[in-house]
Amino acid sequence: MAQVYRGGQPYPAGHPGRLTPHEVRTREFAARRRGVDPMEVREFQVRVADELADLNEAVRLLSQENDRIKRALRDWQTLHARECRPPQEHHPNSGHW
C-alpha cells in the first residue's frame, strides 16, 4: 500500500496526525455530476472547524489544569513525607489484641 501523506509530509511511524481546523476549512472536494450544494458543504466545514478549534482549546486547558494538580499533589506529598515521623518499632505482642 502506498505511503499516505498529509501536508506534504508522511505520517510519523505510520500514524495519522491530528486534523486541524485549517485543514477542515480549506479541504476541497471534487465536483460530481449529482453532487451536493457547495455552499452547504462550506458551511458545514466552518461549523466542524470551529468545533474542532473549541475542543482543541478545551484539551489544552485541561492538560494545563492536570499538570497544575499533579504539581500540587507532588508538593503536598513531599511536605507530608517530611512532617511524618517514621513508625515506632512494634513488639510482636504490643498490638491491639
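Residues numbered from 1 in each chain as written. Predicted model: local features only at pLDDT ≥ 70, side-chain atom pairs only at ≥ 80, totals over all residues. Heavy atoms only, no water.

Novice: Please clarify how the overall build of the protein should be interpreted in this entry.
Specialist: Looking only at helices and strands, the protein features two helices and two strands. Scanning the protein from its N terminus toward the C terminus, one meets helices and strands in the order β-β-α-α. A total of 97 residues make up the protein; the buried ones form 7% of that total. When the accessible surface of the protein is totalled, it reaches about 9,600 Å², and 56% of it is carbon and sulfur. (Helix = DSSP H or I, 4+ residues; strand = E, 2+ residues; numbered from the N terminus. Buried < 20%, exposed > 50% of the residue type's maximum accessible area, 1.4 Å probe, protein only. Areas by Shrake-Rupley, 256 points an atom, 1.4 Å probe, with all protein chains shown as cover.)

Novice: Sorry, what's going on with the side chain of Gln45 here?
Specialist: Here Gln45 lies in helix α2 (residues 38-83). Among the polar contacts made by the side chain of Gln45, one reaches the main-chain carbonyl oxygen of Arg27 at a distance of 3.1 Å. Beyond its immediate sequence surroundings of up to four residues, Gln45 is in contact with Val24, Arg25, Arg27 and Phe29. (Polar contact = N/O pair within 3.5 Å; in protein donor to acceptor, adjacent residues only side chain to side chain. Contact = heavy atoms within 4.5 Å.)

Novice: Hey, could you run me through the packing of aromatic side chains in this one?
Specialist: Two aromatic rings, taken as a pair, are described by how far apart their centres are and by the angle between their planes. Scanning the entire structure with this criterion turns up zero aromatic pairs. Arg27 extends its terminal NZ or CZ atom over the ring of Phe29, reaching a point 4.7 Å from the ring centre. (Phe/Tyr/Trp six-rings, centres within 6.5 Å; stacked < 30°, edge-to-face > 60°. Lys NZ or Arg CZ within 6 Å of the ring centre and 35° of its normal.)

Novice: Looking at this structure, how should I read α2?
Specialist: Spacing of three or four residues puts side chains on the same side of an α-helix, whose turn is 3.6 residues. The terminal C-alpha atoms of α2, which comprises 46 residues, lie 67 Å apart, in line with the 68 Å expected from a rise of 1.5 Å per residue. Burial in α2 covers these residues: Gln45, Ala49 and Leu52. Tucked into the core, α2 has its buried residues touching α1 (21-26). One side-chain oxygen of the residue at the start of α2 lies 3.2 Å from the amide nitrogen of Met39, identifying that residue as Asp37. (Expected span 1.5 Å × (residues − 1).)

Novice: Which parts of the structure should I look at to understand the environment of Ala53?
Specialist: Along the polypeptide, Ala53 turns up in helix α2. Placed 32 residues apart in sequence, Ala53 and Pro21 show a C-alpha to C-alpha distance of 5.9 Å.

Novice: Help me out: how do you make sense of the pattern of salt bridges in this one?
Specialist: Oppositely charged side chains are able to pair whenever their charged atoms sit close together. Under the defined criterion, the tally for this structure stands at four salt bridges. Where Arg68 meets Glu65, a salt bridge forms, and the shortest distance between an N and an O atom there is 2.8 Å. With a gap of three residues between them, Arg68 and Glu65 both fall in helix α2, about one helical turn apart. (Salt bridge = Lys/Arg side-chain N within 4 Å of Asp/Glu carboxyl O.)

Novice: Any chance you could explain the confidence of the model for the protein here in plain terms?
Specialist: Atomic detail in the predicted coordinates should be set aside for any region of low pLDDT. Looking at the protein, pLDDT values average 81 and 70% of them are 70 or higher. Per-element mean pLDDT across the protein ranges from 52 in strand β1 (residues 5-6) up to 93 in α2. (pLDDT = per-residue confidence, 0-100.)

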